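# Secondary and tertiary structure notes
Given next are the chains, with one letter for each unit.
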Amino acid sequence: MSSVKTLFEPQNVVLIGSSKIKEKVGLASPWLFKNVIYNMKKFFKGKTYILDVDGKIGLKSFDELPETPELAVAMLPPKDSLLYVEKSAACGVKGFLIITGGFKDSQRQQLLKIREEYDIGILGPNTVMGAINTANGLNTTFERDVMPRKGNIAVISQSGGVGACLLDWACFYNIGISKFAFMGDKIDVDDVDMLRYLGKDKETKVICLYMEGVKNGRKFIEEARKTVEKKPIIALKGGITQESAHRAKSHTASMAGSNEIFEAALKKAGIIRVENMEDLMNAALALSKQPPMLGDNVAIVSNVGGPAILAADAVARNNLKLCLLYTSPS
């Protein structure tokens, strides 16, 4: 809980990047660095410090920081990220959000060693766009001026691309968002940690998940069952075919798992499963405005016959019970 709270609710943040380094793999670039700086300065209500490893923008070293930031956002290639994460942790920074990717297994293990040694929380690497909290203006995305309005829907996406699409969708249709997290490789903070935090978050009423795999299925199901007692969870699963599951493993270092097993696990946890991104956002929007049904009985009241019949068909297709169909005389 404390790790995730630091990621979403820091009082001060240091942005660590480079005004020179540009890599084709992993996203590290001066453009990304400058855009994240722009969004944080525009939206974030806390203090934002900038550390350019090339010394061209903001501070040149941690010694110049007037205070110890709670959260560090790393936008460097793997080798440099490891160096500055350890430096930051040694200075007392407790939360790390690693935007860039391209980390080898050995480098992920190095990150975990730093985590254990300094008792820190890490989101990522390879989060692509990091995190958004509309309550305090935290916005580590690289899309300039993209900030959803404040609302009660939280989105957790394992994919940066899918998450970016959902974020754009929320902004275009003016859907209110409470929290947005791009999970990446999940070497530390994972879906269980996010559910535990969002389950108690007063600003969140509905939780949306885009998932490709989970590290600990049993813990995830246990936490999800606790969470759905308080607020609904909607899930979109990627990697449901053998071909896409293989791709998911290389995409975000996760094993997608059997679709049949995943389906059974979601039902056991009480999670609502959808088939595409449009359904994910539509279901979230509906549940943000009204609570889930307490039973399976549905009444249809209409002033015309045709739409009422189509609604009745939809009720039957979804294995619900039609207890009343009433159309007023025209």
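Report on the accompanying structure. Nothing here was measured: the structure is a model prediction, and the numbers come from that model.

### Things to note about the overall build of the chain
- Across its full length, the chain holds 11 helices and 14 strands.
- What you see for the chain is a C-alpha radius of gyration of 22 Å, in line with the 20 Å of a compact globule of 330 residues.
- With respect to the principal axes defined by its C-alpha atoms, the chain has extents near 75 × 40 × 35 Å.
- Each of the 330 residues in the chain was classed as buried or not, and the buried ones make up 52%.
- Intrachain contacts of the chain at a sequence separation of at least 6 include 74% that bridge at least 24 residues.
- Put simply, the chain shows about 15900 Å² of open surface, and 51% of that area lies on carbon and sulfur atoms.
- Averaging the positions of the 43 positive and the 36 negative side-chain charges in the chain gives two centres separated by 2 Å.

### Points about helix H11 (residues 305–317)
- Taking 1.5 Å per residue as the helical rise, H11 with its 13 residues ought to reach 18 Å, and the 19 Å between its terminal C-alpha atoms agrees with that figure.
- Looking at the buried positions of H11, the neighbouring elements they touch are strand E13 (297–302) and strand E14 (321–327).
- Phi for asparagine 319, located one or two positions after H11, is positive at around 60°.

### Notes on the pattern of salt bridges
- All told, the structure shown has 14 salt bridges when counted by the stated rule.
- We note a salt bridge from lysine 47 to glutamate 67, for which the minimum N-O separation is 3.5 Å. You can see lysine 47 sitting in strand E2 (residues 47–52) and its partner glutamate 67 sitting in the loop between E2 and strand E3 (71–74), a full 20 residues away along the chain.
- Among the charged side chains, a network of salt bridges with common partners joins Asp105, Arg108 and Asp185.

### Let's talk about a nonpolar patch on the surface
- A cluster of nonpolar side chains, namely Val301, Leu324 and Tyr326, defines an oily patch on the protein surface of about 300 Å² accessible area.
- Position of valine 301 among the secondary structure elements: in strand E13.
- Relative accessible area serves as the criterion here: at 62%, valine 301 is assigned to the exposed category.

### Section: the side chain of glutamate 223
- In this structure, glutamate 223 sits in helix H7 (residues 217–228).
- Ignoring sequence-local partners within four residues, the contact set of glutamate 223 consists of Val192, Leu195 and Arg196.

Quick notes on the rules
Residues numbered from 1 in each chain as written. Predicted model: local features only at pLDDT ≥ 70, side-chain atom pairs only at ≥ 80, totals over all residues. Heavy atoms only, no water. Helix = DSSP H or I, 4+ residues; strand = E, 2+ residues; numbered from the N terminus. Rg over C-alpha atoms; globule rule 2.2 N^0.38 Å. Buried < 20%, exposed > 50% of the residue type's maximum accessible area, 1.4 Å probe, protein only. Contact = heavy atoms within 4.5 Å. Areas by Shrake-Rupley, 256 points an atom, 1.4 Å probe, with all protein chains shown as cover. Lys, Arg positive; Asp, Glu negative; His and termini not counted. Charge placed at Lys NZ, Arg CZ, Asp CG, Glu CD. Expected span 1.5 Å × (residues − 1). Salt bridge = Lys/Arg side-chain N within 4 Å of Asp/Glu carboxyl O. Patch = residues over 30% accessible without salt bridge, like charges linked within 9 Å, V, L, I, M, F, W, Y side chains within 5 Å.

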